[in-house]
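Coordinate inspection notes
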Amino acid sequence: MIRFSLICEHEHEFEGWFRSNDDFDTQKKRGFVDCPTCGSHRIEKALMAPAVSTGRSQEKIALAMGEAQKRALAQLKAMAEKVRENADYVGDKFAEEARKIHFGESDPRGIYGEATLEEAKSLVEDGVEFLPIPSFPDDRN
């Protein structure tokens, strides 16, 4: 996953996590990227410093976040947990199952699992709608 510093047309700054630069571009083009403050879809990447590993624990790094970032992270974790509670885990068969559901070959249902970048690109090309869900070190799957 890649973390981008983002900024909307109203100069609200926030961060977003994406599988790749292409993933950001695709999600932005499809209208999936919006400002958490104002809801604007006119989003651009902001300049950001490179991430440098310091050997500090993630807990210490998390404590350095501001309150807004902590709330956003908590919301992301809650969303990811809700998806996991209300969807079927299909493991590395995600692309295959998502395609079957999209084309009416399987009953519609929520699923989650893993897909390679190539599989994700192929799903986008086929018009299959999906979103990456964040994964955190303390997730247990």
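Definitions and limits used
Residues numbered from 1 in each chain as written. Predicted model: local features only at pLDDT ≥ 70, side-chain atom pairs only at ≥ 80, totals over all residues. Heavy atoms only, no water. Helix = DSSP H or I, 4+ residues; strand = E, 2+ residues; numbered from the N terminus. Contact = heavy atoms within 4.5 Å. Areas by Shrake-Rupley, 256 points an atom, 1.4 Å probe, with all protein chains shown as cover. Core = buried A, V, L, I, M, F, W, Y, C linked by side-chain atoms within 4.5 Å. Buried < 20%, exposed > 50% of the residue type's maximum accessible area, 1.4 Å probe, protein only. Pairing = 2+ DSSP bridges. Axes fitted to C-alpha atoms, helices over the stretch in contact; angles between N-to-C directions. 1 Å grid on protein atoms, 1.4 Å probe; cavity = no way out; pocket = protein on both sides within 12 Å on 5 of 7 lines; lining within 4 Å. Points joined across faces, edges and corners; volume = space filled by probe spheres on them. Nonpolar A, V, L, I, M, F, W, Y, C, P; charged D, E, K, R; others polar.

This part takes up the overall build of the protein. Regarding its fold elements, the protein presents five helices and five strands. Its helices and strands taken in sequence order, the protein reads β-β-α-β-α-α-β-α-β-α from the N to the C terminus. Sequence separation of at least 24 residues holds for 47% of the intrachain contacts in the protein that already meet a minimum separation of 6. In the structure as shown, the protein presents an accessible area of about 10100 Å², 50% of it carried by carbon and sulfur atoms.

With that settled, consider the nonpolar core. The nonpolar side chains of soluble globular proteins are, as a tendency, buried together. Phe4, Leu6, Cys8, Phe14, Phe18, Phe24, Val33, Cys35 and Ile43 together form the largest nonpolar core, which totals nine residues. Residue contributions to this core peak at three residues, all from strand β1 (residues 2–8). Not counting chain neighbours up to four residues away, the residues in contact with Cys35 comprise Cys8, His12, Phe14, Ser40 and Ile43. Membership of the second largest hydrophobic core comes to eight residues, among which are Val90, Ala95, Ile101 and Leu123.

One open sheet holds the three strands; their spatial order is β2-β1-β3, and the pairing between them is antiparallel. Pairing within the sheet leaves two strands with one partner each, and these edge strands are β2 (13–18) and β3 (43–45). Going from strand to strand, the sheet's axes swing by 40 degrees on average, the running direction of each strand aside. Here three bridges tie β1 to β3, and the two strands are oriented antiparallel to one another. By the bridge assignment, Cys8 is partnered in β3 with Ile43.

On to the environment of Ala87, then. By the element assignment, Ala87 lies in the loop between α3 (67–86) and β4 (88–91). For Ala87, a relative accessible area of 15% corresponds to the buried category. C-alpha of Ala87 to C-alpha of Gly113: the two residues are 26 residues apart in sequence and 9.8 Å apart in space. In this structure Ala87 touches Gly110, Ile111 and Tyr112, once residues within four positions along its chain are discounted.

Moving on, we come to the layout of surface pockets. Taken as a whole, the second largest pocket spans an internal volume of roughly 250 Å³. What lines the second largest pocket is a set of 16 residues, among which Asp23, Thr26, Ala120, Lys121 and Val124 lie closest to the centre. In terms of residues, the lining of the second largest pocket owes the most to one element, helix α5 (residues 117–125), which gives five residues. Among the residues forming the lining of the second largest pocket, the class breakdown is seven nonpolar, three polar and six charged.

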